[in-house]
Amino acid sequence: MADGTRSVRSGSPASSPLLGGRGRAAVVAAGGSSLPGHGFRRVTLTKPTFCHYCTDFIWGLAGYQCEVCNFMSHEKCLKNVKIPCSCIAPSLVRVPVAHCFGPPGHYKRKFCTVCRKSLESPAFRCEVCELHVHTDCILFACSDCRQCHQDGHQDHDTYHHHWREGNLSSSARCEVCKKTCGSSEVLSGMRCEWCGILAHAACYIIVTPECTFGRLRNMILPPSCVQLFSRNFSKLHCFRISESLQTEADEDDDVDGSTQGSVKDVQISTDSSKQTLKIFDGNDAVKRNQFRLISVPRIAKNEEVVEAALRAYYINDDQQEYELQTFTQQALLSDDVINRNDAAEDSNLGSVFRESVPEAWIIRAKPKDEEVIRIYPAWLKVGMAYVSLRVNKDSTTQTVIKEVLPLLGRQMECPQNFKLVEVLMGSKQVQRMILDNQELILNRLKDIRKTSVRQMNQTRFYIVENSQSIVRVNLFVGGLPPQLSPEEYTNILKDELAIKTNVVSVSHVYQAQGAVVLEISCFSEAERIYMLVKDTTVNDKPLNAVVIPEVMASKIPQNCCPLLVFVNPKSGGLKGRDLLYSFRKLLNPHQVFELTNGGPLPGFHTFSKVPSFRVLVCGGDGTVGWVLGALEEIRHKLVCSEPSVAILPLGTGNDLGRVLRWGAGYSGEDPYSVLVSVDEADDVLMDRWTILLDAEEPSEGAENGIAEPEPPKIVQMNNYCGLGIDAELSLDFHHAREEEPGKFNSRFHNKGVYVKVGLQKISHTRNLHKDIKLQVDQHEVELPSIEGLIFINIPSWGSGADLWGSESDNRFEKPRIDDGLLEVVGVTGVVHMGQVQGGFRSGIRIAQGSYFRVTLLKPIPVQVDGEPWIQAPGQIIISAAGPKVHMLKKSKQKQKKTGSLKEMRVDSMSVSEGGR
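Residues numbered from 1 in each chain as written. Predicted model: local features only at pLDDT ≥ 70, side-chain atom pairs only at ≥ 80, totals over all residues. Heavy atoms only, no water.

Asker: It is not clear to me how the pairing of strand E38 (residues 788-792) should be interpreted in this structure. Could you clarify?
Answerer: Where a strand is regular, its side chains alternate between the two sheet faces. By the criterion of burial, E38 is predominantly enclosed, with five of the five residues buried. Of the two faces of E38, both are covered, the one formed by Gly-788, Ile-790 and Ile-792 as well as the one formed by Leu-789 and Phe-791. Across five bridges, strand E35 (residues 720-724) lies against E38 in antiparallel orientation. Across the sheet, residue Cys-721 finds its bridge partner in E38, namely Phe-791. (Buried < 20%, exposed > 50% of the residue type's maximum accessible area, 1.4 Å probe, protein only. Helix = DSSP H or I, 4+ residues; strand = E, 2+ residues; numbered from the N terminus. Pairing = 2+ DSSP bridges.)

Here you go:
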């Protein structure tokens with residue numbers, strides 16, 4: 001951009017009568033209109049540029065650019081701009097909610113919400129909402145994330161749209177005018193992050209404010225039904241997001257703030273007539289060495305440099321209220337900032353730069369005898385956004401409360417029943433501090449600005465009623481020894497974690513799983529236990545801790561059936577992690593659980609009081625079996641004891657997913673469409689089977705030649721159980737994966753390994769029929785000459801093969817997944833198995849029944865749903881496992897009949913793009 005020739009200022013908060021009026025106080029109604037706060041300047045365009053308001057190309061050589069947030073506009077569009085500047089965006093936040101930033105990454109065709117520039121370098125994105133920011137812009141992002149739970153400060157039953165600007169697909173269409181509102185060239189268009197409706201910046205203000213959560217309303221867990229006390233926990237802990245990739249990003253935070261800004265700004269200041277300066281915004285930035293670089297002419301006036309420094313920190317106040325101070329390296333070390341401006345300059349018109357240029361500068365606010373502050377009563381439900389109050393050097397917290405109450409219509413209330421809370425709305429954490437009644441307000445403001453001028457722009461004061469706050473943090477602790485009593489678990493926690501029993505109690509015990517839920521009434525104790533659990537082992541087994549929310553079942557609408565989502569991020573390469581991100585955006589993050597973080601039990605415990613819910617499992621057949629097994633164990637503790645389970649197949653075989661029409665494997669379908677399909681799926685029943693493994697001979701490797709037989713083992717079966725060559729191939733594949741787990745991250749590679757180990761066994765002969773005996777429903781069955789014996793519960797085996805076959809046979813009933821029967825099939829070898837998978841042959845039908853006893857005469861490979869091992873000689877008994885499980889089968893009917901679906905969620909592509 002070339003030098004500007006004309007400047008247009010609009011809506012500076014410093015000149016607003018709401019802040020600087022002469023009256024004692026002013027009242028602003030909630031929802032009142034605010035000026036956007038941009039500082040537009042006419043600039044000469046040197047490259048193709050698009051308008052951020054109308055998204056059209058700016059023809060000619062001139063356009064108007066905001067000097068703070070880089071908003072670009074036609075001259076004709078200036079009067080219509082409604083999007084606020086980044087410098088006043090914090091003041092427009094309705095309820096401050098911190099963001100949940102994951103590790104930095106590369107995001108193509110995305111734009112920074114703060115500076116509106118393209119994300120060409122590594123950047124951050126929020127894991128809960130669609131916010132994207134550069135690494136050096138993260139400090140200036142608003143704490144305007146989605147409010148996904150109640151935290152004891154707010155209690156809203158009616159939710160408004162949560163609008164987020166930009167990063168829409170170019171095909172997105174406005175809900176109001178039905179015209180295209182997305183753009184791949186600039187940050188434009190608005191989207192509600194709950195219901196997903198889209199609108200232009202000029203149209204969204206006329207959309208009805210109440211949000212109904214859109215097409216997925218029956219699947220979303222309403223935020224008003226979730227309670228989580230999370231003061232001392234980061235957002236990553238609250239939403240159970242893995243920190244393995246987060247550590248590296250956090251270590252570099254202090255560097256990012258200066259380094260990234262340095263690179264971008266140095267490129268601007270290559271002109272020899274300009275000078276690049278380091279700018280700190282307070283003592284905190286000096287200690288952390290976090291600075292911003294600005295480029296100004298070598299012959300510059302004081303006010304020009306101050307204005308440029310304020311713009312660098314997204315502050316749009318009057319530059320006359322600020323000054324620049326310099327410091328030396330010695331001052332930096334001693335934290336004693338020296339002001340040389342008064343001695344060096346004769347007047348404000350003089351140049352900042354003399355014979356020697358200082359190394360760095362600090363922005364300081366000039367002292368004031370009185371000031372106007374905003375007091376927010378958002379937690380009192382009084383129907384207004386804030387009141388403005390003028391304070392002087394004698395104003396204390398107590399006097400401010402006395403003056404504010406009449407303005408809120410609470411003049412009859414006793415001031416002693418209220419407190420003033422200072423809230424710092426940081427992008428990563430919202431911090432609250434109760435002010436002492438005798439604290440001088442002006443001194444407090446001075447201290448904040450001395451620490452950081454930027455933080456002053458992100459600080460609010462709330463008036464809050466005094467009430468007995470009830471702290472209740474629920475912490476799930478797993479990895480404990482199973483089958484112990486509550487007293488024994490409490491003693492273990494006392495010994496290992498030194499828990500304080502006056503504030504910590506065991507509220508739930510899961511003996512079979514070796515897990516407990518702790519109810520903690522002290523934030524600091526909850527945080528201490530959470531951090532200590534990570535480094536604690538019991539019986540050489542590491543413990544794990546998960547912060548879990550409390551679902552208030554009585555507040556869930558009657559027609560709402562929330563979806564509990566389990567995702568195995570290790571399945572399907574990186575698709576699992578992408579789905580985690582997408583489902584957190586589309587649903588409430590509190591209903592999405594990562595299985596590598598505590599398994600399925602925390603999710604089922606969270607939903608234990610929900611009267612009706614469904615389950616979506618994203619993973620392979622092994623993951624599905626894991627979740628179904630956990631459901632069977634905890635079923636008696638659930639209000640909804642028989643939730644229906646849907647599958648998003650991410651594994652290699654995915655046989656159960658094929659049978660239920662969910663496909664051979666996930667290949668990048670739109671996650672929103674997946675959720676719609678789950679909502680429309682049909683409920684079906686499926687048999688589950690219990691396998692009792694009772695070895696009669698001692699296991700190998702016994703010490704001193706003396707050993708006892710292995711104790712009986714019980715496993716659950718959903719798909720099939722194989723003995724012989726089928727299990728032997730699975731075992732070889734399992735060993736290969738254990739040796740090089742990093743290579744087994746694609747379905748294609750996994751199947752290639754199966755083929756390789758199969759070819760190695762092609763000449764192998766095993767007379768399996770001589771090594772085992774089979775009894776079906778109390779009747780002996782003579783086995784033909786086979787190498788493998790397979791019990792199948794579903795009509796899909798080995799990645800979709802029909803092992804039973806479709807030919808009619810009068811001896812057997814037609815197989816179904818809910819008929820209470822298993823089919824027994826034999827295979828003669830690897831070649832036979834290959835022919836079955838190729839569709840040329842079927843297996844050898846042997847029997848059909850509901851109770852089976854297999855006698856092993858020698859050690860034989862066995863596999864159940866893909867999990868193989870060598871089974872010692874003994875008995876294997878297979879029988880039906882309790883009640884049938886409810887599964888969801890994808891409906892054959894397509895979504896075409898719902899003609900308005902595309903209009904309701906045309907942004908679904910952008911959501912899936914964000915996750916991929």
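Back to the text.
Asker: Sorry if this is basic, but what is going on with the state of the cysteines here?
Answerer: By definition, a disulfide links two cysteine residues through a covalent bond between their sulfur atoms. Going through the model one piece at a time under the given rule, you end up with zero disulfides. Just so you know, Cys-561 is unpaired, no disulfide at all, and the nearest cysteine sulfur is the one on Cys-640, 6.9 Å from it. For Cys-561, a relative accessible area of 22% puts it in the partly exposed group. Classification of Cys-640 by relative accessible area gives buried; the value is 12%. (Disulfide = S-S within 2.5 Å.)

Asker: Teacher, can you tell me more about the sheet that holds strand E44 (residues 874-880) here?
Answerer: The strands making up a sheet associate through backbone hydrogen bonding, with each pair oriented either parallel or antiparallel. Reading across the sheet, the six strands line up as E34-E33-E44-E41-E36-E37 and stay open at both edges, with antiparallel pairing between neighbours. Sheet topology places strand E34 (713-717) and strand E37 (779-781) at the edges, where each strand pairs with a single neighbour. Mean inter-strand twist for the sheet, computed between neighbouring axes without regard to direction, equals 20°. Sheet topology note: the strand E36 (residues 772-776)/strand E41 (residues 851-856) ladder contains five bridges and is antiparallel. Opposite Ile-772, over in E41, you have Leu-856 as the bridge partner. (Axes fitted to C-alpha atoms, helices over the stretch in contact; angles between N-to-C directions.)

Asker: Just to check I follow, could you spell out the pattern of salt bridges for this structure?
Answerer: Pairing of side chains with opposite charge becomes possible as their charged atoms draw close. Considering all chains together, one arrives at 31 salt bridges under this definition. Asp-136 is paired through a salt bridge with Arg-292; the nearest N and O atoms lie 3.5 Å apart. Placement of Asp-136 in the loop between strand E7 (132-134) and strand E8 (163-165) and of Arg-292 in strand E13 (residues 292-297) is noted, with a sequence separation of 156 residues between them. The two residues Asp-136 and Arg-292 agree in class, both being buried. With a shortest N-O distance of 2.7 Å, Arg-215 and Asp-679 are connected by a salt bridge. With Arg-215 in the loop between strand E10 (198-199) and strand E11 (226-227) and Asp-679 in helix H18 (residues 671-679), this residue pair connects regions lying 464 residues apart in the sequence. Bridged by salt links that share partners, the residues Arg-41, Glu-67, Glu-307 and Arg-311 form one connected network. (Salt bridge = Lys/Arg side-chain N within 4 Å of Asp/Glu carboxyl O.)

Asker: Would you explain the packing of aromatic side chains in this entry?
Answerer: The relation between two aromatic rings is expressed through the spacing of the ring centres and the mutual angle of the planes. If you walk through the whole model with that rule in mind, you get 17 aromatic pairs. Arranged with centres 5.1 Å apart and planes meeting at 50°, the rings of Phe-140 and Tyr-314 form a pair that is tilted. Here Tyr-314 lies in the loop between helix H6 (302-312) and strand E14 (322-326) and Phe-140 lies in the loop between E7 and E8, a separation of 174 residues in the sequence. The exposure classification of Phe-140 matches that of Tyr-314, with both residues buried. Ring geometry for Tyr-159 against Phe-213: centres 6.5 Å apart, planes inclined by 40°, an arrangement best described as tilted. You can see Tyr-159 sitting in the loop between E7 and E8 and its partner Phe-213 sitting in the loop between E10 and E11, a full 54 residues away along the chain. Judged by relative accessible area, which is 10%, Tyr-159 ranks as buried. Given the relative accessible area of 13%, Phe-213 is considered buried. Put simply, the rings of Phe-50, Phe-57 and Trp-59 touch in pairs and so form one group of aromatic residues. The ring of Tyr-581 carries Arg-125 above its face, with NZ or CZ at 3.4 Å from the centroid. (Phe/Tyr/Trp six-rings, centres within 6.5 Å; stacked < 30°, edge-to-face > 60°. Lys NZ or Arg CZ within 6 Å of the ring centre and 35° of its normal.)

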